[in-house]
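Here are the chains, one letter per residue:
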Amino acid sequence: MKALVYQGPGRKALEDRPKPAIAAPTDAIVKIVKTTICGTDLHILKGDVATCTPGRILGHEGVGIVDEVGSAVTAFRPGDRVIVSCISSCGKCDYCRKGMYSHCVNGGWILGNAIDGTQAEYVRTPFADTSLHRIPAGVDEEALVMLSDILPTGFECGVLNGKVQPGSTVAIIGAGPIGLAALLTAQFFSPAEIIMVDFDENRLEVATRLGATTVINNNDGKAAEKILKMTDGRGVDTAIEAVGVPASFITCEDIVAPGGIIANIGVHGVKADLHLEKLWDRNIAITTRLVDTVTTPMLLKTLQSRKVDPRRLITHRFKLDKILEAYETFGHAAQTNALKVVVEA
Ligand SMILES: NC(=O)c1ccc[n+]([C@@H]2O[C@H](COP(=O)([O-])OP(=O)(O)OC[C@H]3O[C@@H](n4cnc5c(N)ncnc54)[C@H](O)[C@@H]3O)[C@@H](O)[C@H]2O)c1
Ligand SMILES: [Zn+2]
Ligand SMILES: [Zn+2]
């Protein structure tokens, strides 16, 4: 089968690989129908993710058809159409029993990282019963690719952790796919204002179309100042960090209102300063989270009932044999206006 293989920092190739086989009775083999590329794959290619070693097939998102199941799999049969979750959960360890699948001691984020991933014709998915989701008839499968990672990430790490409330004021720093997923799902709770901040005019235009009440281009570095002015110096109830660099986290510190929450989503590679000398008396909270994907079944229902349409984040489509072009397009978003690229196997 064809597969996109990480060959070490800065190197990747489309290779011919053997079709994966069942390795544990709880495994399933899924024939990939559609997959996508995540910003995290670009982090891996930069050499930022030590657990991902050369030779690994990348990808942790996708929808497909169950091809084969291990003897212990009871919830799925060959032919079932499924969403592959970016998090593998055994369902049995202490963390899984708490609903914190991201820290499953037997799984967690391993797909396309510690084990071969979804940017291939077939993928072996561990703990199939508790890591795959059945696709209901009549739901758009392209939209469902967004349920593997970005929608639950924006919702769990940003919106739920940030306790977005009716009538509240929200700012989202970063209008990439994750920030936009937070924007889409924040609207379940009817906040009064959602302010989006980025440097990219195209992404800010998309944010306006998707429901942002104000967009701010931070090219002049004055986003925090402008947000404070807009809110009479008060700041925002929820500041969602959806970038992963120190500057954007500090913007969140600058704009969080008394009693507010900074909900960090971004993957940080270096330290960010925490200004406790300004924040100690402001009754704020800071949350961090690796997506658990506990809300995937709920989000699937909102997609089915058209309360949310993540298809609006898809900008490009490629066939699997053109996945190197898909990486080029996705990796140069400022020139190509790419958000999510769908790759068809
Ligand atoms: N916590 C989790 O479980 C989890 C899961 C998936 C992704 N992530 C992380 O979420 C982050 C966002 O992902 P993405 O795919 O949307 O990334 P992305 O790189 O596509 O988007 C980030 C956006 O932030 C903008 N930006 C950069 N610096 C900024 C600043 N100082 N102020 C305002 N905007 C700024 C960029 O122009 C870009 O549009 C990444 O760090 C990613 O690794 C976390
Ligand atoms: Zn991802
Ligand atoms: Zn577990």
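Structure shown above.
The following refers to the structure shown.

1. Section: the sheet that holds strand S8 (residues 169–173)
Adjacent strands of a sheet form backbone hydrogen bonds with each other and so pair up, either parallel or antiparallel.
Move 1: A sheet is described by the order of its strands in space; here 6 strands give the open sequence S10-S9-S8-S11-S12-S13, paired in parallel fashion. Of all the strands in the sheet, just strand S10 (214–217) and strand S13 (285–288) have a single pairing partner and so form its edges. For this sheet the average axis-to-axis angle between neighbouring strands, irrespective of direction, equals 15°.
Move 2: As paired strands, S8 and strand S11 (residues 236–241) are joined by 4 bridges and run parallel to one another.

2. Let's talk about the nonpolar core
Move 1: Counting residues in hydrophobic clusters, the biggest one holds 67 residues, and the most contacted among them are Leu144, Ile172, Leu180, Leu183 and Met196.
Move 2: In terms of residue count, the dominant contributor to this core is helix H6 (residues 177–186) (7 residues).
Move 3: Those residues in contact with Met196 that lie beyond four places of it in its chain are Ile172, Gly174, Ala175, Gly179, Leu180, Leu183, Leu204, Ala207, Ala212, Thr214, Val215 and Ile216.
Move 4: By size, the runner-up hydrophobic cluster in this structure holds 16 residues, among which are Ile216, Ala239, Phe249 and Val256.

3. Focus: the coordination of the zinc ion (ligand 3)
Move 1: Summarising the metal site, the zinc ion (ligand 3) is bound by the protein donors Cys90 (SG), Cys93 (SG), Cys96 (SG) and Cys104 (SG), whose distances to it range over 2.3 to 2.4 Å.
Move 2: Geometry at the zinc ion (ligand 3) is tetrahedral, judged from the 4 donor atoms that bind it and their angles of 102 to 118° at the metal.
Move 3: The sequence pattern formed by the donor residues of the zinc ion (ligand 3) is C-x2-C-x2-C-x7-C.
Move 4: Residue class for Cys96 comes out buried when judged on its relative accessible area of 6%.

4. Structural notes on helix H8 (residues 223–230)
Move 1: Listing the buried residues of H8 in full gives Ala223, Ala224 and Ile227. Buried residues in H8, looked at end-on, bunch into an arc of 95°, giving them a common side. Within H8, the exposed residues directed more than 90 degrees away from the buried face are Glu225 and Lys229.
Move 2: Tucked inside the fold, the buried residues of H8 contact S8, strand S9 (193–198), S10, S11 and helix H9 (246–255).
Move 3: The first or second residue beyond H8 is Asp232, which carries a positive phi of 55°.

5. Observations regarding the coordination of the zinc ion (ligand 2)
Move 1: The zinc ion (ligand 2) binds to the protein through Cys38 (SG), His60 (NE2) and Asp149 (OD); the donor distances cover 1.8 to 2.2 Å.
Move 2: Sequence positions of the donors to the zinc ion (ligand 2) reduce to the motif C-x21-H-x88-D. Pair noted here: Cys38 is in the loop between strand S3 (28–36) and helix H1 (39–45) and His60 is in the loop between H1 and strand S4 (62–69), with a separation of 22 residues, a long-range link.
Move 3: Relative accessible area serves as the criterion here: at 6%, Cys38 is assigned to the buried category.

About the cut-offs
Residues numbered from 1 in each chain as written. Chains lettered and ligands numbered in written order. Predicted model: local features only at pLDDT ≥ 70, side-chain atom pairs only at ≥ 80, totals over all residues. Heavy atoms only, no water. Pairing = 2+ DSSP bridges. Helix = DSSP H or I, 4+ residues; strand = E, 2+ residues; numbered from the N terminus. Axes fitted to C-alpha atoms, helices over the stretch in contact; angles between N-to-C directions. Core = buried A, V, L, I, M, F, W, Y, C linked by side-chain atoms within 4.5 Å. Buried < 20%, exposed > 50% of the residue type's maximum accessible area, 1.4 Å probe, protein only. Contact = heavy atoms within 4.5 Å. Donors = N, O, S within 2.8 Å, 3.2 Å for Na, K, Ca; no water. Tetrahedral: all angles 85-135°; square planar, octahedral: opposite > 155°, others 65-115°. Arc of directions from axis to C-beta.

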